[in-house]
Amino acid sequence: MMSDAKTLVTVPSQQLPVSYTPDVVVVGGGASGVAAAIAAARSGADTLLIEQRGYMGGMGTAALVPAFCPYTDGEKPVIRGIGLESLERMKLAAGDDFMARYKERLDWVPIDVETLKRVYDESVTASGAGVLFHTFADQVLLEGDRISGLVITNKSGRSVVQAKLYIDATGDADLAALAGVPFHVGGEQGELQPGTMCFLVTGVSKERFDRFLAESGQGGQLEKTVTEAQRNGDLPEGRKRISGIAWLSDTVAGFNFGHIFGIDGTKAEDLSRGAIEGRRLIETQIRFLRKYVPGFEQAYLVHSGDQIGIRETRRIVGDYTLVVEDFLSMRSFEDDIARNAYFIDIHLANASSTMTIKHLPKGQSHGVPYRCMPPQGKSNLIVAGRSVSSDRPVQGSLRVMPNCFAMGQAAGTAAAMASRSGGGFRDVPVPELQRRLIEQGAWLGEKPGQAGAVSEAVAVKVEFDQEAYR
């Protein structure tokens, strides 16, 4: 039983050893953390990445999100650099059949989880960054407006990491929150997007499934079938479609299907409840697939997420807050460090509410300014990923993995620059940061002097040893 939250215990003070003294420490090994670590290390900074699990990938591996969201604006990739490199590495490493299926695709490419774990391992370590798995940062040490150290906990005990620059890539702004940074959570009433327990099945037939879709006229959404099952009591009320099926082969498919409501990903109790309810819901969904969906009669569950997938928690208060008007007007900023074309995608907060979706015109995007990432009140801390400074609608667009790669690459590059100069993140000259990002293959829009900096979408050059990933 949980104890009264007002019960307090004084923990004796202790002296802790300093275990690491890198130039840059990245906390969180999801898409933003992977890109940040690679960018910082490639730029010459002594870099350490700290991750709570035994592998990198965040929601793409721990939560089994079945596919990467779009890299393109419908005409060209807007996410390039380390993000596009990571996608292409995974495609090559996943084998000839996978590569043949998805060689030309940049949007909604299925995630081969075990391959992606290995690709991240090799990419991050090859960059020169150090990796520390099975480790939590549970306390921030402060000196004025600077972080002077992190207390970390793992099987080796408790120790302190002292770095010059700190990158919060936790997805939940955990480091920023520990440092006392102001933030917002969810909507006006505190409501949060629901979580989803994703899963992987085998023993299925893509050929029979595709034939069923063609004959029933349902596309990939299965809305009629889901509605029928809900009417018959074979599925709970809520989401009316299956929008997240990703085929890794003709007999293996990943699912992003259904919602668990009222989950706050910053609370261990909610994550625990989400895990239990999520696995129970998967059992119901597997029965539905076998009963209602041709091609899935022999579906066999082989993997569920290590944790429930989380879409939304904290959003920091930064030097600038990106708002929905910036998205709709496709605004560009003088300090752009990325472009975003993904649609606003806010999932229903409860079973009776509706989803909010808003697309930009094909071929269009908006800028993501550097000022969204440094949190107010801290000079040597930067946040990358879904918890940057934005309003809730824009967070529903920025939160996806391709965008996290782009923001992470900018954060890591800025950290390396600040490390060399001895300053903080606000001391980084943005024009120089932009120039370096473009040199690394990032795309910041067709601004004067940049239009020719990157080749056409389908011919983007991804430089790495391809043979090592076959």
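Quick notes on the rules
Here the residue numbering is sequential within each chain, running from 1 through the sequence in written order. Two thresholds apply to this predicted model, a pLDDT of at least 70 for residue-level local features and 80 or more for giving and counting side-chain atom pairs, whereas whole-chain, interface and lining totals are computed over all residues. By convention in this description, side-chain values take in all heavy atoms of the structure and omit both hydrogens and water. Criterion used throughout: strands pair if DSSP finds at least two bridges between them. Only DSSP runs of H or I with at least four residues qualify as helices, and only runs of E with at least two residues qualify as strands; both kinds are numbered from the N terminus onward. Axis lines are fitted to C-alpha atoms, over the contacting stretch for helices. Their N-to-C directions set the angle, which ranges from 0 to 180 degrees. Whenever Lys or Arg places a side-chain nitrogen within 4 Å of a carboxyl oxygen from Asp or Glu, that contact is recorded as a salt bridge. The cut-offs for exposure are 20% and 50% of the maximum accessible area for each residue type, with area from a 1.4 Å probe on protein chains only; residues under the lower value are buried, those over the upper are exposed, and the others partly exposed. Throughout this description, the term nonpolar core refers to a set of buried Ala, Val, Leu, Ile, Met, Phe, Trp, Tyr and Cys residues connected via side-chain atoms within 4.5 Å. Residues count as neighbours in contact if any of their non-hydrogen atoms are within 4.5 Å of one another. Within this analysis, the arc is defined by the directions that extend from the helix axis to the C-beta atoms.

### With respect to the sheet that holds strand β6 (residues 146–154)
Paired through their backbone hydrogen bonds, the strands of a sheet run either parallel or antiparallel.
Phase 1 of the analysis: Reading across from one edge, β1-β7-β6-β5 is the order of the 4 strands in this open sheet, with mixed pairing throughout. Whereas interior strands pair on both sides, the edge strands pair on one side only; in this sheet they are β1 (18–20) and β5 (136–143). Shown here is a sheet whose adjacent strand axes are inclined to one another by a mean of 40°, direction ignored.
Phase 2 of the analysis: With 7 bridges joining them, β5 and β6 adopt antiparallel strand pairing. The residue of β6 that forms the bridge with alanine 137 is isoleucine 152.

### Section: the pattern of salt bridges
Side chains carrying opposite charge are able to pair once their charged atoms draw close together.
Phase 1 of the analysis: Scanning all chains against the criterion turns up 28 salt bridges.
Phase 2 of the analysis: Here lysine 76 ties to aspartate 73 by a salt bridge, and the two come within 2.6 Å at their closest N and O atoms.
Phase 3 of the analysis: You can call aspartate 73 buried: its relative accessible area is 7%.
Phase 4 of the analysis: Each of Glu432, Arg435, Arg436 and Glu439 takes part in one network of salt bridges that share partners.

### Concerning the nonpolar core
Phase 1 of the analysis: If you look at the biggest cluster of nonpolar residues, it comprises 126 residues, and the most contacted ones within it are Phe68, Leu150, Phe288, Phe296, Ile337 and Tyr370.
Phase 2 of the analysis: When residues in this core are grouped by element, the largest group, 12 residues, is from helix α11 (residues 401–421).
Phase 3 of the analysis: Residues in contact with phenylalanine 296, not counting those within four places in the same chain, are Val201, Val204, Phe209, Trp247, Phe255, Leu289 and Arg290.

### Quick look at helix α7 (residues 223–231)
Phase 1 of the analysis: Looking only at α7, the buried set comprises Thr225, Val226, Ala229 and Gln230. Relative to the axis of α7, the buried residues are bounded by an arc of 135° and lie together on one face. When the buried face of α7 is taken as reference, the exposed residues oriented beyond 90 degrees from it are Lys224 and Arg231.
Phase 2 of the analysis: Close packing links the buried residues of α7 with α6 (206–216) and α8 (268–292).
Phase 3 of the analysis: Of the residues flanking the end of α7, it is glycine 233, one or two places downstream, whose phi is positive at about 80°.

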